[in-house]
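Overview (structure and organization)
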Amino acid sequence: MSTYRPKDRVKAAFRRTFADRVPSYPILGAYTVNLTGADLREFYTQAKPLADGQLAALDAYEPDILVLMRDLLTEAEAMGSEVEFPEGQMCQIRRYALADEPERLARLSPPDVRNDGRFPSYWEACQTVASQVRDVPVGSLLVGPWTIAANLRGAENLIFDAMKRPEYVRDLLELTTQVAVDAAVAAQEAGVGVSYSEAAASCSLISPKIYREFVKPVHRRLTEELKKRKIAVTLHICGYIDPMMEDVVDTGIVALSIDSATSLEKMIEVNQKRVVIIGNVPVTTFEQGTPADIEAEVRRCVDTAAPHSAFILSSACELSPAAKPENVAHFARFAKEYGRYEHLGLAAGGGDG
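For clarity, every value in this text was computed on a predicted model and none was experimentally measured. As a convention, each chain's residues are numbered from 1 in the sequence order in which they are written. In view of the model being predicted, local features appear only for residues whose pLDDT reaches at least 70, and side-chain atom pairs are presented and counted only at 80 or more, with totals across whole chains, interfaces and linings using the full set of residues. With hydrogens and water set aside, each side-chain value is computed from the structure's full complement of heavy atoms.

1. A few points about the packing of helix α4 (residues 47-61) against helix α6 (residues 119-132)
Direction vectors running N to C along α4 and α6 enclose 35°, while the axes themselves pass 8 Å from each other. Relative to α6, the crossing made by α4 is right-handed. Here α4 contributes A47, L50, A51, Q54 and L55 to the contact with α6, which in turn contributes S121, Y122, E124, A125, T128, V129 and Q132. Its residues placed into classes, the contact of α4 with α6 shows 7 nonpolar, 4 polar and 1 charged. Between the N-to-C directions of two axes lies an angle of 0 to 180 degrees, each axis being a line fitted to C-alpha atoms and, for a helix, fitted only over the stretch in contact. The secondary structure listing takes helices from DSSP runs of H or I that are at least 4 residues long and strands from runs of E that are at least 2 residues long, numbered from the N terminus. It is the rotation of the near helix from the far one that decides the hand of a crossing: anticlockwise by less than a right angle makes it left-handed, clockwise makes it right-handed. The contact criterion used throughout is that any non-hydrogen atoms of two residues lie within 4.5 Å. Residue classes follow a fixed rule: Ala, Val, Leu, Ile, Met, Phe, Trp, Tyr, Cys and Pro count as nonpolar, while Asp, Glu, Lys and Arg count as charged, and any other residue, Gly among them, counts as polar.

2. Concerning the sheet that holds strand β7 (residues 194-197)
Here, any two strands with at least 2 DSSP bridges between them count as paired. Within the open sheet, the 7 strands sit side by side as β1-β11-β10-β9-β8-β7-β6. Their pairing is parallel. What marks the edges here is a single partner per strand, and that holds for β1 (24-25) and β6 (142-143). Bridge count for β1 against strand β11 (residues 311-315) is 2 bridges, and the pairing is parallel. Its bridge partner lying in β11, Y25 is registered against S314. Along the sheet face, helix α14 (residues 291-305) touches β10 (276-281) and β11 and points at about 155° away from the line of β10.

3. Considering the environment of R299
Summarising the element assignment, R299 is placed in helix α14. The cut-offs for exposure are 20% and 50% of the maximum accessible area for each residue type, with area from a 1.4 Å probe on protein chains only; residues under the lower value are buried, those over the upper are exposed, and the others partly exposed. According to the relative accessible area criterion, R299 is partly exposed, its value standing at 32%. Distance from R299 to T45, taken between C-alpha atoms, is 37 Å for residues 254 residues apart in sequence. Contact partners of R299, with chain neighbours within four places excluded, come to F334 and Y338.

4. Comments concerning unusual backbone geometry
Trans is the prevailing form of peptide bonds, just as negative phi is the prevailing case for residues other than glycine. Cis geometry marks the peptide bond from G279 to N280; its omega dihedral reads -25°. Within the chain, R16 stands out as a residue other than glycine whose phi angle is a positive 65°. Mapped onto the fold, R16 is located in the loop between α1 (6-14) and β1. Residue R16 is classed as buried on the basis of its relative accessible area, which comes to 14%. Of note in the backbone geometry, Q272 takes a positive phi value of approximately 55° without being a glycine.

5. Describing the packing of aromatic side chains
Only centres within 6.5 Å qualify two rings of Phe, Tyr or Trp (six-membered ring in Trp) as a pair; their planes then separate them into stacked at under 30 degrees, edge-to-face at over 60, and tilted for everything else. Counting across every chain of the model gives 7 aromatic pairs. Measuring from ring centre to ring centre gives 6.3 Å for Y44 and F85, while their planes differ by 35°; the resulting arrangement is tilted. With Y44 in helix α3 (residues 40-45) and F85 in the loop between β3 (82-84) and β4 (92-95), this residue pair connects regions lying 41 residues apart in the sequence. Judged by relative accessible area, which is 1%, Y44 ranks as buried. Of the aromatic side chains, those joined through ring pairs into one cluster are F43, Y44 and F85. Should the NZ of a Lys or the CZ of an Arg lie within 6 Å of a ring centre and within 35 degrees of the ring normal, that charge is described as sitting over the ring. Across from the ring centre of Y168, 4.5 Å away, lies the NZ or CZ of R165, which sits over that ring. The ring of Y338 has R299 lying over it, and the distance from NZ or CZ to the ring centre is 5.6 Å.

Have a look at this one:
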């Protein structure tokens, strides 16, 4: 029986050493309704279904990390974007707060991230899980400044603004960066770690030039501000980031979660263990593949990244309710089996320190 706890494995990855195996977890948001029977609207709006889902996932899959993933709209909704919850579907924006009235930005102020909109139920869920889980790190999933801006203005409008009126974008990002900082402080108060999703910030949507000119500076400001408060930042970027890997690593984050469109091999080469890499078993494999396909992807990730330490095995993005339960369960089992360092000839406690 291993004497390593999940938090020991995660700490080893951050120390660039080795425990007994690669730490692993699936990123589970709305998928957890499959475990609890809650409907999606309850999951998105109430604390108990969100917390119950994570606790059920802990029992079912024994992950090394829990991340309370709900959706990416809470911040923008609290600032005036209208959100809807269609029956049996993931929540979505009905109206962007700044789509038709960009000048409204001058009248916007940061929301009260502890009390406005759906924030209170989210923090309640975080506190519930954090209070009941001891040996497994528990993290929040917040929204990064660029994606909050996209959820206020609309992604196409925001990209157009970056080209035609850059000062407007900088003003908007000034506001959304403050919101992101405030949310991280609230997460710290709730007893959970801080990770941000920047779903709108990859080369699948924006150019490397836009990232370098607009997004990277606010990511650096964000990490520097939170470092003063002893808050470490993990970042997830959906989509393809190969052309800007160096820029993302250079932002001051401690860990980077990458999507399946991004090359894990190139990421390991570029990164050189500066940040912990998390990823990147494709979500489509969970939804459309077989357990054998899951095994092939786990092998690819472990063989590529595990010998370097500074790696956590995970799904490439959030698993939706469409993921096959047998694939999620098999990922959890096989990750523990194949991720053992002994088969790679790596001894516990080894590494660069």
